Amino acid sequence: MIDPADPDQLAKLWRRHRINLKHSLGQNFLIDPLLRDLVAEAAGLWSDHVVEVGAGVGTLTIALAGRHQHVSAIELDRTMIPALREVLEGRDNVEVVESDILKLDLSRLYADGEGAVVGNIPYNLTGALIRKVLDKPPRPRRMSLVVQKEVAQRWTATTGASLATVAVQVFAEARLGMTIPAAAFTPEPRVDSALVLLDVRDKPAVDVADMDAFFRLVEAVFQFRRKQLGGALGRIAGIGSEAAGSRLRDAGIDPARRAQTLKLAEWEAVYLRFGR
């Protein structure tokens, strides 16, 4: 059995399949078996159908396969697929899917409120992945993601530090699992990573009629993140800062605050007064 979490075995696997890593895909491979196993355990219970995003050569996949009834291993880079299949040989509970997760029909993988989405996620995919998986049903029961530590800290913040933070917290309760040092990966990235656990809510945490319109407004406000809310919303709504400030004060929100300080209930109040 090949274990790509072993650096020597990983290097031989790359050479055997003539794999050249693509910087544009953010390919960093976990080479600490203990940390790899902890990430796999965080995915949930044996009964779960697990979807792994960015399976690579199967480092995390083999640990998931030993802990879950069925694993769908999604990989975009076709040069990885032969190595991935070699590593997974004999593991009949794993389905290899060569696809872009952002273009995949998730309804073929799991039903709403079931399963888990797991993966070591590159920085340039984090925001789009959250919207893809959580914006519309079917939504998984849990997400267990390794992301840059800075991203993990934003997602688990008590306020809406970014558009992605708001998206995460609308649909899930986020908590920090553990820090994973940069030295646990090859090639070694410049920053540490962290495991984030997202327990998906039964229903969104904001009560709005049009979720797409809600997020369009949140995104528009974050384009003025350096400006005070009164001025930003005055420009967005075309009513001027004084009128916008009055609406915000009616909602109990100081117009001098900035977007990244708002909590979910306050974002809901902003949408109810400025959404269109």
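You'll find the structure just up there.
Conventions we followed
Residues numbered from 1 in each chain as written. Predicted model: local features only at pLDDT ≥ 70, side-chain atom pairs only at ≥ 80, totals over all residues. Heavy atoms only, no water. Pairing = 2+ DSSP bridges. Helix = DSSP H or I, 4+ residues; strand = E, 2+ residues; numbered from the N terminus. Axes fitted to C-alpha atoms, helices over the stretch in contact; angles between N-to-C directions. Contact = heavy atoms within 4.5 Å. Parallel < 35°, antiparallel > 145°, perpendicular 65-115°, else oblique.

A. Geometry of the sheet that holds strand β5 (residues 116-120). The sheet built from seven strands is open, its strands ordered β4-β3-β2-β5-β6-β9-β7 with mixed pairing. Edge positions in the sheet fall to β4 (94-98) and β7 (172-180), since each has one partner strand and no second. The average undirected angle you get between the axes of adjacent strands in this sheet is 20 degrees. Pairing geometry for strand β2 (residues 49-53) and β5, over four bridges, is parallel. Among the inter-strand pairings, V53 is bridged to a residue of β5, identified as G119. Here helix α2 (residues 33-41) sits on the sheet and contacts β6 (142-148), β7 and β9 (193-200); the angle it forms with β7, its principal contact strand, is near 170 degrees. Of the strands in this sheet, β2, β5, β6 and β9 are in contact with helix α5 (residues 126-134), which crosses β6 at around 170 degrees.

B. Region of interest: the packing of helix α8 (residues 211-222) against helix α11 (residues 264-274). For the pair α8 and α11, the least separation of the axes is 10 Å and the interaxial angle reads 100 degrees. Here α11 runs roughly perpendicular to α8, going by the angle between their axes. Side by side, α8 and α11 meet where A213, F214, L217, V218, V221 and F222 of the first sit next to W267, E268, V270, Y271 and F274 of the second.

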